[in-house]
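# Coordinate inspection notes
As a plain string of letters, each chain reads:
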Amino acid sequence: MHCIIPAAGKGTRMRPLTWSTPKPLLPVAGRPMLAHVMDTLVDAGVDHVTLITGYLGDEIVSWVRKEYPGIRTDFAVQEKTDGLASAVLLAWEYTDDGPTMVVLGDTLFSADLSVLRGETRNMIVTSPVEDPSRFGVVLLEEGRVVRLIEKPSEPVSNLAIVGVYYFASGERLMEGCRTLVEKGQRTRGEFQLTDAMELMLRNGEPFGILDIDGWYDCGKPETLLETNRVLLDRNGPGETPELIRSRVIQPCSFQKGCVITDSVVGPHVSFGESVSVEACEISDTIAGDFSVFRDSRLSASVTGRRVTVSGFRGGVLLGDDSVAEG
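First, a word on scope: everything that follows refers to the structure included in this document. Because the structure is a prediction, the values reported are computed rather than measured.

Parameters and conventions
- Residues numbered from 1 in each chain as written.
- Predicted model: local features only at pLDDT ≥ 70, side-chain atom pairs only at ≥ 80, totals over all residues.
- Heavy atoms only, no water.
- Helix = DSSP H or I, 4+ residues; strand = E, 2+ residues; numbered from the N terminus.
- Expected span 1.5 Å × (residues − 1).
- Buried < 20%, exposed > 50% of the residue type's maximum accessible area, 1.4 Å probe, protein only.
- Arc of directions from axis to C-beta.
- Contact = heavy atoms within 4.5 Å.
- Disulfide = S-S within 2.5 Å.
- Pairing = 2+ DSSP bridges.
- Axes fitted to C-alpha atoms, helices over the stretch in contact; angles between N-to-C directions.
- Core = buried A, V, L, I, M, F, W, Y, C linked by side-chain atoms within 4.5 Å.
- Salt bridge = Lys/Arg side-chain N within 4 Å of Asp/Glu carboxyl O.
- Parallel < 35°, antiparallel > 145°, perpendicular 65-115°, else oblique.
- Left-handed = near helix turned anticlockwise from the far one by under 90°.
- Nonpolar A, V, L, I, M, F, W, Y, C, P; charged D, E, K, R; others polar.

### Focus on helix α4 (residues 170-183)
Helix length check: α4, at 14 residues, gives a terminal C-alpha distance of 20 Å against a target of 20 Å (1.5 Å per residue), a fit within 8%. Of the residues making up α4, those classed as buried are Gly-170, Leu-173, Met-174, Gly-176, Cys-177 and Leu-180. Viewed end-on, α4 has its buried residues packed into an arc of 160 degrees, placing them on one side of the element. Turned more than 90 degrees away from the buried face of α4, the exposed residues are Glu-182 and Lys-183. Those residues of α4 that are buried lie in contact with β1 (2-7), α3 (84-89), β6 (100-103), β11 (159-167) and α5 (193-202). Just past α4, the residue Gly-184 takes up positive phi, approximately 70 degrees.

Encoded structure:
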């Protein structure tokens, strides 16, 4: 099965972390966001992905090809971020009449997508939300999808589209997106995939919905930390790093080479490779590879790679190669 993964955004709400790392490759619960997405897609039978890239896109393509060598990987570059339907349309030359999924590269979710195999309808993964005006929504009548609305001004439905879509025919998906763009039909200045699907629905294409077990927000540092907590709680205790007169409060995630000395670390800590900690208390924190923490008490913190924090108390948000001293 083919999957189109739009990943062209700059991740501005995650700066300074995204100045040097594309948002889909930011770590959460010990792995890049995109790794959590890719694993779910592989389990669903996806063997071909098309990445729609932009900012730092070469890093995303290289990472997928390295980490998932058994999957055919191609890409297109979105020069102008003018909507999801426009992004999806860039994959037209790689798309055939077979089943095609669209999954956002920073949408973390838990769902059994294997049920989509052999599905003849188009399917939209949905979740109830408190504020539907922030999302595309699905309107149902007697269990049947009758309308799709992008960011409704009136609360006609609380079933939000979470960024995971299945189309029985990739060619018909492309036709819907192409028609939308050719008509110049924009919502809030962009060509919305929700609007393209509404055109497909009006042309007689049947749509159904698929419930989701979990939908995790990684749009801002604070929600990234919340998702880190949820995933670590779900996954349970991880491996223990090298401890020298130190203690780990699980659940945590540590990559190889981490050394913790005279410190207490956890709960809900995710460390990258070769993180060094000395004389610290650290909880609720995500830290990138080769970072160093000394004589600090940290919580609610996210740091990039090769960061040094010394004598600091509180929370920090630091990009790659930063230094923070208290």
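The structure having been displayed, the exposition proceeds.
### Let's talk about the state of the cysteines
A full pass over the atoms with the stated rule returns zero disulfides. For the unlinked cysteine Cys-177, the closest cysteine sulfur is that of Cys-3, found at 14 Å. Classification of Cys-177 as buried rests on a relative accessible area of 0%. Cys-258 takes part in no disulfide bond, and the closest cysteine sulfur, belonging to Cys-252, lies 11 Å away.

### A word on the sheet that holds strand β29 (residues 323-325)
Taken together, six strands build an open sheet; the order of strands is β14-β17-β20-β23-β26-β29 and the sheet is parallel. At either end of the open sheet lies a strand with only one pairing partner, and these are β14 (242-244) and β29. Going across the sheet, the axis of each strand differs from the next one's by a mean of 5 degrees, ignoring polarity. Relative to strand β23 (residues 292-294), strand β20 (residues 276-278) is paired through three bridges, and the arrangement is parallel. In the sheet register, Ser-276 faces β23, and the bridge partner there is Val-292.

### Thoughts on the side chain of Gln-192
Tracing the backbone through its elements, the reader meets Gln-192 in the loop between α4 and α5. Sequence-distant contacts of Gln-192, defined by excluding residues within four places in its chain, comprise Ala-85, Glu-150, Leu-180 and Thr-187.

### Focus: the nonpolar core
Counting residues in each nonpolar core, the largest one holds 47 residues, and the members touching the most others are Leu-34, Met-38, Leu-41, Met-101 and Leu-113. With six residues, the single largest contributor to this core is helix α1 (residues 33-43). Ignoring any residue separated from it by four or fewer positions in sequence, one finds Met-101 in contact with Met-1, His-2, Cys-3, Ile-4, Leu-41, Val-46, Leu-113, Leu-116, Val-164, Tyr-165 and Tyr-166.

### Looking at the pattern of salt bridges
Under the defined criterion, the tally for this structure stands at 13 salt bridges. One salt bridge connects Arg-172 with Glu-205, and the closest N-O pair in it is separated by 2.7 Å. Here Glu-205 lies in the loop between α5 and β12 (207-211) and Arg-172 lies in helix α4, a separation of 33 residues in the sequence. Relative accessible area serves as the criterion here: at 16%, Glu-205 is assigned to the buried category. Between Glu-222 and Lys-220 there is a salt bridge, and its shortest N-O distance comes to 3.7 Å. For Lys-220, a relative accessible area of 32% corresponds to the partly exposed category.

### Comments concerning the sheet that holds strand β16 (residues 252-254)
A sheet is described by the order of its strands in space; here five strands give the open sequence β16-β19-β22-β25-β28, paired in parallel fashion. The open sheet terminates on both sides in strands that have one partner only, identified here as β16 and β28 (317-318). In the sheet, strand β19 (residues 269-271) pairs with strand β22 (residues 285-287) via three bridges, with the strands oriented parallel. Within β22, the residue paired with Phe-271 across the bridge is Ala-287. Sheet contacts for helix α6 (residues 221-235): β16, β19, β22, β25 (301-303) and β28; angle to β22, the most-contacted strand, approximately 100 degrees.

### Let's talk about the packing of α1 against helix α2 (residues 57-67)
The geometry of α1 relative to α2 is characterised by a closest axis approach of 12 Å and an angle of 45 degrees between their N-to-C directions. Judged by the inter-axis angle, α1 sits oblique to α2. The way α1 lies across α2 gives a crossing that is right-handed. Taken together, the residues of α2 that come into contact with α1 (itself represented by Leu-34, Ala-35 and Met-38) are Ile-60, Trp-63 and Val-64. Here the contact of α1 with α2 is composed, by residue class, of six nonpolar, no polar and no charged.

Honestly, that's just the spatial picture; any functional story needs more than this.
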